[in-house]
Amino acid sequence: MAKHSGFVVITGKPNVGKSTLLNTIMKAKYVVTSRKPQTTRNHIFVSYENDNSNIVFIDTPGFHFGKTMVENLMNKEIKKAYKKADIALILIDSTRIIDDEDITVLKNINTFEFSKKFIVYTKCEKINENAIKENNIVINKYMKFDDYICISSNQNTNIDKLMEMISNNLELSDETINIDYDDNIFITDTIREVIINNFKEEIPYATNVEIEQKQYDEGIFKISCNIVVEKESQKPILIGAKGSMIKKIGVNSRMELLKMYDCKVDLRLNVIVKKDWRNNQQYLNKFYK
């Protein structure tokens with residue numbers, strides 16, 4: 001049976017609600033969310049299928065004005081996702097005035113070819129139609145779009161209408177799009193999310209998580225990870241007095257992972273130092289290909 005099939009990229013500046021929207025569509029937590037930037041550092045594929053549609057959503061990092069090598073690589077991740085997508089969903093936080101970061105996203109999208117470009121205004125319960133009209137005038141100066149919709153992921157408002165808009169603008173195909181979900185990214189981002197939510201200032205952004213080993217053995221999913229920091233002074237902060245913080249990170253991360261995996265999870269964490277990893281091309285090449 002032919003279905004409306006294709007790739008849909010979800011994009012926008014940091015903290016505009018990209019990952020929250022994807023989790024709402026999927027009715028499960030596939031990507032982590034936080035109010036702080038850099039929660040997502042890679043583009044992530046998630047497959048959605050129903051009786052009429054076979055859609056691969058691509059969640060992207062927020063576009064950054066690159067100060068470090070890792071931020072520049074995150075921007076490259078976004079552009080890789082644009083090249084793969086048929087439809088672009090450009091998310092705009094309707095509670096804020098369109099700013100330079102939004103305009104940077106619009107200008108970048110305008111250099112890529114999509115079959116359709118849709119503006120998605122988030123947090124629609126807090127906006128009015130006049131504000132939308134004014135925003136659309138500004139957006140049209142930098143990028144031509146095909147349509148717009150106002151949604152609320154938290155209240156599930158107009159999500160079905162958005163899905164209908166997407167499906168109706170994808171071509172029919174008899175071929176099923178199969179994408180392997182990369183749970184390595186989910187695991188490492190889950191641990192990073194816990195760190196982001198428990199530390200302030202520089203620690204969340206100076207931290208990376210890398211998987212040392214994964215093994216499924218007799219109903220237990222064993223995961224061993226390194227939490228990487230940039231400076232020796234950051235290591236005791238993450239470990240905490242008598243290991244209190246690393247224990248908290250492990251417990252909270254495990255609780256989140258148990259929501260995804262239908263088995264016991266044995267999570268082991270170790271904190272190591274890799275000086276200035278955010279500007280170490282050789283190290284970053286392992287995560288950004």
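In this convention, every chain numbers its residues from 1, walking through the sequence in written order. It should be noted that, the model being predicted, local features are given only for residues of pLDDT at least 70 and side-chain atom pairs only at 80 or more, the latter also being counted only at that level, while totals for whole chains, interfaces and linings use all residues. Based on all heavy atoms of the structure, the side-chain values leave hydrogens and waters out of the count.

**Side note on the confidence of the model for the protein**
- Mean pLDDT over the protein: 85, with 90% of residues reaching 70 or higher.
- Taken together, the stretch residues 32-39 has pLDDT below 50 and engages in 34 contacts with residues farther than four places along the chain or on a different chain. Confidence of the prediction at every residue is given by pLDDT, a number between 0 and 100. Contact between two residues is taken to exist if any of their heavy atoms lie within 4.5 Å; hydrogens are not considered.

**Remarks on the nonpolar core**
- Residues Val9, Tyr82, Ile90, Phe114, Ile119, Ile139 and Met143 are the most contacted members of the largest nonpolar core, which totals 27 residues.
- A run of H or I in DSSP counts as a helix once it spans at least four residues, and a run of E counts as a strand once it spans at least two, with each numbered from the N terminus. At the level of secondary structure, the elements contributing two or more residues to this core comprise strand E1 (3-11), strand E3 (53-59), helix H2 (69-84), strand E4 (87-93), helix H3 (100-109), strand E5 (116-122) and helix H4 (129-142).
- At four residues, H3 tops the list of elements feeding residues into this core.
- For Val9, the residues in contact, after removing those within four places along its chain, are Ile58, Thr60, Ala81, Tyr82, Ala85, Ile87, Ala88, Leu89 and Phe114. Throughout this description, the term nonpolar core refers to a set of buried Ala, Val, Leu, Ile, Met, Phe, Trp, Tyr and Cys residues connected via side-chain atoms within 4.5 Å. Per-residue accessibility, obtained with a 1.4 Å probe over protein chains only, is compared with the maximum for each type, and a residue is labelled buried under 20%, exposed over 50%, and partly exposed between these values.

**Some points on the pairing of E1**
- Within E1, eight of the nine residues are buried, which leaves the element mostly enclosed by the surrounding structure.
- A pair of strands is treated as paired once DSSP finds two or more bridges between them. Judged from the two bridges that link them, E1 and strand E7 (residues 172-173) form a sheet pairing that is antiparallel. When the sheet's bridge partners are listed, Lys3 is paired in E7 with Ser173.
- Direction of pairing for E1 relative to E3: parallel, over a ladder of seven bridges. Counted as the bridge partner of Gly6 is Ile55 from E3.

**Considering the sheet that holds strand E9 (residues 220-229)**
- Judged by pairing direction, the sheet is mixed, and its three strands sit side by side in the order E8-E9-E10 without closing on themselves. On the outer flanks of this sheet lie strand E8 (208-217) and strand E10 (264-273), each paired with one strand and no other. On average, each strand axis in the sheet is inclined to that of its neighbour by 15°, with strand direction left out of account.
- Angles run from 0 to 180 degrees between N-to-C directions of axes, and those axes are lines fitted to C-alpha atoms, restricted for helices to the stretch in contact. In the packing of helix H8 (residues 244-258) onto the sheet, contacts are made with E9 and E10, and the angle to E10 comes to roughly 140°.

**Remarks on H3**
- Taken across its 10 residues, H3 has seven buried, putting it largely inside the fold.
- Those residues of H3 that sit buried are Asp102, Ile103, Thr104, Val105, Leu106, Asn108 and Ile109.
- Taking the backbone nitrogen of Glu101 as reference, a side-chain oxygen 3.1 Å away marks Asp99 as the first, capping residue of H3. Polar contacts, as used here, are pairs of N or O atoms within 3.5 Å; protein pairs need one atom able to donate a hydrogen and one able to accept it. Residues neighboring in sequence count only if both atoms are side-chain atoms.

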